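Residue-level structure breakdown
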Amino acid sequence: MQIQDRVFIVTGGASGLGEGTARMLAANGGKVVIADMNTERGEAVAREIAGVYLRCDVSNEADGQAVVAKATSLGKLVGLVNCAGIAPAEKTVGKNGPHSLATYTKTIMVNLVGSFNMIRLASDAMSKNEPEATGERGVLISTASVAAYDGQIGQAAYAASKGGVVGMTLPIARDLARSGIRNMTIAPGIFGTPMLFTMPQEVQDALAASVPFPSRLGKPEDYAKLVKHILDNDMLNGEVIRLDGAIRMAPK
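Residues numbered from 1 in each chain as written. Predicted model: local features only at pLDDT ≥ 70, side-chain atom pairs only at ≥ 80, totals over all residues. Heavy atoms only, no water.

An unreviewed UniProt entry lists the protein chain under the name 3-hydroxyacyl-CoA dehydrogenase, from Comamonas resistens. A UniProt comment under Sequence similarities (unreviewed entry) is attached to the protein chain, and it reads "Belongs to the short-chain dehydrogenases/reductases (SDR) family." (UniProt positions renumbered as here; feature names shortened; annotations may be inferred.)

Quick look at the structure:
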């Protein structure tokens, strides 16, 4: 899938994995629409990469529609990269009683429903594209997590939401095959993102040391490189790729 002069939506593009992806796409000549809730940071990144920012709650239909409409107004929309997400930590039964149902529901809404909302809207627009030389009309890439497989203590909501992203990868690819739209998912391990950087340094160091090789935190650039390869390689479809340095998470 060609990046030069094509339009891409990156949800969660104001920071972390999404920002790294937005910068990679812009560096390769793509037109990037950043969809994020952080207006100040989103506008700043958009200015730096000559992109466009829209405030977007990915689980809101109208917000998603506005983002897709803006993207299609800029040219040929061929890519969506879903990086928006939240990662609360709460035990099923804790010191203060049962897990908050509101927290669980919000996590599913943002991480799973939000990803599907953007996929369904973007793929509808892509299905109207003239196909590329490969027959492709678009590429969809969502973000799961190794927690989908190795969820730790306190990650019931997060693991469920990411497990849902994993589970819908293949059926969506099958649904969209007739339209020439590929659907892929990346499951990152321990990455250096704003959420992780709120932890104490000694915790960050211990997490990095737990990665077999390379023994470091993943970087947004690592994620962006895999996004680019998925765009380039049209045989990648309907699959989840772990990007984790061979880590398997312990219970805690």
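Structure's up, so let's keep going.
**Some thoughts on the nonpolar core**
Judged by nonpolar contacts, the single largest core of 32 residues is most densely connected at Ile9, Val67, Leu77, Leu80 and Leu140. Elements that contribute at least two residues to this core include exactly strand 1 (7–11), strand 2 (31–36), helix 3 (61–73), strand 4 (77–82), helix 4 (101–126), helix 6 (156–176) and strand 8 (181–188). With nine residues, the top contributor of residues to this core is helix 4. Setting aside residues up to four positions removed in sequence, Leu77 forms contacts with Val7, Phe8, Ile9, Val68, Ala71, Thr72, Ala122, Ala125, Met126, Asn129 and Arg137. (Core = buried A, V, L, I, M, F, W, Y, C linked by side-chain atoms within 4.5 Å. Buried < 20%, exposed > 50% of the residue type's maximum accessible area, 1.4 Å probe, protein only. Helix = DSSP H or I, 4+ residues; strand = E, 2+ residues; numbered from the N terminus. Contact = heavy atoms within 4.5 Å.)

**Side note on the pattern of salt bridges**
By the definition in use, this model includes 13 salt bridges. The shortest N-O distance in the salt bridge between Glu19 and Arg23 comes to 2.9 Å. Taken together, the residues span about one helical turn, with Glu19 and Arg23 both in helix 1 (residues 16–27) at a distance of four residues. Relative accessible area serves as the criterion here: at 13%, Glu19 is assigned to the buried category. Residue classification places Arg23 among the partly exposed positions, given a relative accessible area of 30%. Residue Arg23 pairs with Glu48 through a salt bridge whose shortest N-O separation is 2.5 Å. Placement of the pair is Arg23 in helix 1 and Glu48 in helix 2 (residues 39–48), with a sequence separation of 25 residues. We classify Glu48 as exposed; its relative accessible area is 51%. Members of the salt-bridge network, linked through shared partners, are Glu19, Arg23, Arg41 and Glu48. (Salt bridge = Lys/Arg side-chain N within 4 Å of Asp/Glu carboxyl O.)

**Things to note about unusual backbone geometry**
Of the consecutive residues Phe213 and Pro214, the connecting peptide bond is found in the cis state with omega at -5 degrees. Tracing the sequence through the fold places Pro214 in the loop between helix 7 (201–209) and helix 8 (220–232). A positive phi angle, close to 55 degrees, is found at Ala50, a residue other than glycine. Of note, Ala50 is situated in the loop between helix 2 and strand 3 (52–55). By relative accessible area, Ala50 is classed as exposed at 71%. Within the chain, Ala246 stands out as a residue other than glycine whose phi angle is a positive 70 degrees.

**Brief notes about the sheet that holds strand 3**
Read from one edge of the open sheet, seven strands run 3-2-1-4-7-8-9, paired in parallel fashion. A strand with exactly one partner marks an edge of an open sheet, and here the two such strands are strand 3 and strand 9 (240–243). For this sheet, the mean angle separating the axes of adjacent strands, direction not counted, is 20 degrees. Across the sheet, helix 4 lies against strand 1, strand 4, strand 7 (138–143) and strand 8, angled at about 175 degrees from strand 4, the strand it touches most. Strands strand 7, strand 8 and strand 9 of the sheet are contacted by helix 6, whose axis makes an angle of about 160 degrees with strand 8. (Pairing = 2+ DSSP bridges. Axes fitted to C-alpha atoms, helices over the stretch in contact; angles between N-to-C directions.)

**Some remarks on the pairing of strand 3**
As judged from the four bridges shared by strand 2 and strand 3, these two strands associate in the parallel manner. By the bridge assignment for strand 3, Val33 is matched with Val52. Once the chain exits strand 2 it traverses helix 2 before rejoining the sheet at strand 3, and the crossover so formed is right-handed. (Right-handed = clockwise from strand over helix to strand, strands pointing away.)

**So, the side chain of Ser142**
Here Ser142 is to be found in strand 7. Judged by relative accessible area, which is 2%, Ser142 ranks as buried. A polar side-chain atom of Ser142 sits 3.2 Å from a polar atom in the side chain of Asn82. Here Ser142 is in contact with Asn82, Ser115, Ile119, Val165, Met184, Thr185, Ile186 and Tyr223, once residues within four sequence places are set aside. (Polar contact = N/O pair within 3.5 Å; in protein donor to acceptor, adjacent residues only side chain to side chain.)

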